[in-house]
Amino acid sequence: METSFRRKAAAVTFAVLALTLAGGGIAIAQPSAKAPQAAVKPVRGTDSQPPVTAESARSAKAALKAGGVTTMAAASWFTVVNANGTKARGTGTVLKYGTGEYEVQFGYNVSAGAFLATISRADSCCVPPAGEIAVAPRLGTPNAVFIQTRNSAGAPADRGFTLLTHTP
């Protein structure tokens, strides 16, 4: 009886293994002589940042040079930006890349900071339009923050926003 049970258990184990491999498939990577076209030239999606332009790099370096070094232990700054990319008030220089893509540059390094952004209006008139906003450190520029705004459907859209930057 015990021997029969062991044989059945072994057979069931091999059957499960075979079905798992057959159902999930086995992928074997084989080297190819030519790389696929997508691997050669990546396509920029809606969740990536545009490349840093020469103008942006020049502006960022000038802002760092003019800003000097702060002696504060921690500091917070805000920037209010209109939907068209102009700064309404606050600190920093605003660059607009495309629909819903903004960069805010500061005169100090913010790469170790924390960022908070919300869709807003510069005036005190009305409730801002609905939408979404994302904020991240600007890749390749330690004194800048990148912001993307979208409408409620997730498509890029120009929206005014308020950015709060806190550096340790």
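Higher on the page you've got the structure.
Now for a description of the structure that goes with this document.

What counts, and at which threshold
Just so you know, the residues in each chain are numbered from 1, in the order the chain's sequence is written. Selection of residues for local features in this predicted model requires a pLDDT of at least 70, selection of side-chain atom pairs for listing and counting requires 80 or more, and totals for whole chains, interfaces and linings are taken over all residues. Where side-chain values are given, they derive from all heavy atoms of the structure, hydrogens and water being excluded. Helix numbers and strand numbers start at the N terminus; a helix is a DSSP run of H or I with at least 4 residues, a strand a run of E with at least 2. Relative accessible area decides the class of each residue, using a 1.4 Å probe on protein chains only: under 20% of the type maximum gives buried, over 50% gives exposed, and in between gives partly exposed. We call two residues in contact when some of their heavy atoms are within 4.5 Å. Each accessible area is a Shrake-Rupley estimate made with a 1.4 Å probe; only the visible protein chains count as cover when residues are assessed. Two strands pair if DSSP finds at least two bridges between them. Axis lines are fitted to C-alpha atoms, over the contacting stretch for helices. Their N-to-C directions set the angle, which ranges from 0 to 180 degrees. Only buried residues count toward a nonpolar core. Its members are Ala, Val, Leu, Ile, Met, Phe, Trp, Tyr and Cys residues joined through side-chain atoms within 4.5 Å. In this scheme Phe, Tyr and Trp rings, the latter by its six-membered ring, pair at centre separations within 6.5 Å, and the angle between planes marks the pair as stacked below 30 degrees, edge-to-face above 60, and tilted otherwise. Pairs of N or O atoms are called polar contacts if they sit within 3.5 Å, as long as, within protein, a hydrogen donor faces a hydrogen acceptor (for residues adjacent in sequence, only side-chain-to-side-chain pairs). Throughout this description, the term salt bridge denotes a Lys or Arg side-chain nitrogen within 4 Å of a carboxyl oxygen of Asp or Glu.

## A few points about the overall build of the chain
Inference 1: If you tally the helices and strands in the chain, you get three helices and eight strands.
Inference 2: When the helices and strands of the chain are read in sequence order from the N terminus, they spell out α-α-α-β-β-β-β-β-β-β-β.
Inference 3: Taken across its 168 residues, the chain has 26% of its residues classed as buried.
Inference 4: Across the chain, contacts joining residues at least 24 apart in sequence account for 62% of those joining residues at least 6 apart.
Inference 5: Accessible surface, the chain: about 10900 Å² in total, of which carbon and sulfur atoms supply 62%.

## Some thoughts on the sheet that holds strand 2 (residues 87-90)
For sheets, the rule is that strands pair by backbone hydrogen bonds, running either parallel or antiparallel.
Inference 1: Read from one edge to the other, the open sheet built from four strands follows the order 2-1-8-5, with strand pairing classed as antiparallel. This sheet does not close on itself; its edge strands, each paired only once, are strand 2 and strand 5 (114-119). Geometrically, the sheet is characterised by an average inter-axis angle of 15° between neighbouring strands, direction not taken into account.

## Details of the nonpolar core
Inference 1: Core analysis: the largest hydrophobic core is formed by 15 residues, its most contacted members being Val104, Phe106, Val110, Val145, Ile147, Phe161 and Leu163.
Inference 2: Listing elements by their share of this core, those giving two or more residues are strand 1 (75-81), strand 4 (101-105), strand 5, strand 7 (144-150) and strand 8 (161-167).
Inference 3: Per element, the largest residue contribution to this core is three residues, and it comes from strand 1.
Inference 4: Once residues lying within four places of it in the same chain are set aside, the contact partners of valine 110 are Phe115, Pro142, Asn143, Ala144, Val145, Thr165 and Thr167.

## A short note on the packing of aromatic side chains
A ring pair, where both rings are aromatic, is described by two values, the distance of the centres and the angle of the planes.
Inference 1: Evaluated as defined, the whole model comprises three aromatic pairs.
Inference 2: Here the aromatic cluster, defined as three or more aromatic residues joined through ring pairs, consists of Trp77, Phe106 and Tyr108.

## Things to note about the sheet that holds strand 3 (residues 93-98)
Inference 1: The four strands are arranged 3-4-7-6 in an open sheet whose pairing can be described as antiparallel. The outermost strands of the open sheet, each flanked by one partner alone, are strand 3 and strand 6 (132-137). For this sheet, the mean inter-axis angle between neighbouring strands, taken without regard to orientation, is 20°.
Inference 2: Examined bridge by bridge, strand 6 and strand 7 share six bridges and lie antiparallel to one another. Residue pairing for strand 7: alanine 136 is matched across the bridge by phenylalanine 146.

## Some points on the side chain of threonine 149
Inference 1: Here threonine 149 shows up in strand 7.
Inference 2: A polar contact of 3.5 Å, which involves the side chain of threonine 149, links it to the backbone nitrogen of arginine 159.
Inference 3: Here threonine 149 is in contact with Gly100, Tyr102, Glu132, Ile133, Pro156, Ala157, Asp158, Arg159 and Phe161, once residues within four sequence places are set aside.

## Examining the pattern of salt bridges
Inference 1: Taken as a whole and assessed by the stated rule, the structure comprises four salt bridges.
Inference 2: Arginine 138 is the partner of glutamate 103 in a salt bridge, and the nearest nitrogen-oxygen pair spans 2.9 Å. Of the two residues, glutamate 103 is situated in strand 4 and arginine 138 in the loop between strand 6 and strand 7; the sequence distance between them amounts to 35 residues.
Inference 3: Using a relative accessible area of 0% as the deciding quantity, one classes glutamate 103 as buried.
Inference 4: A salt bridge links aspartate 123 to arginine 121; its shortest N-O distance comes to 2.8 Å.

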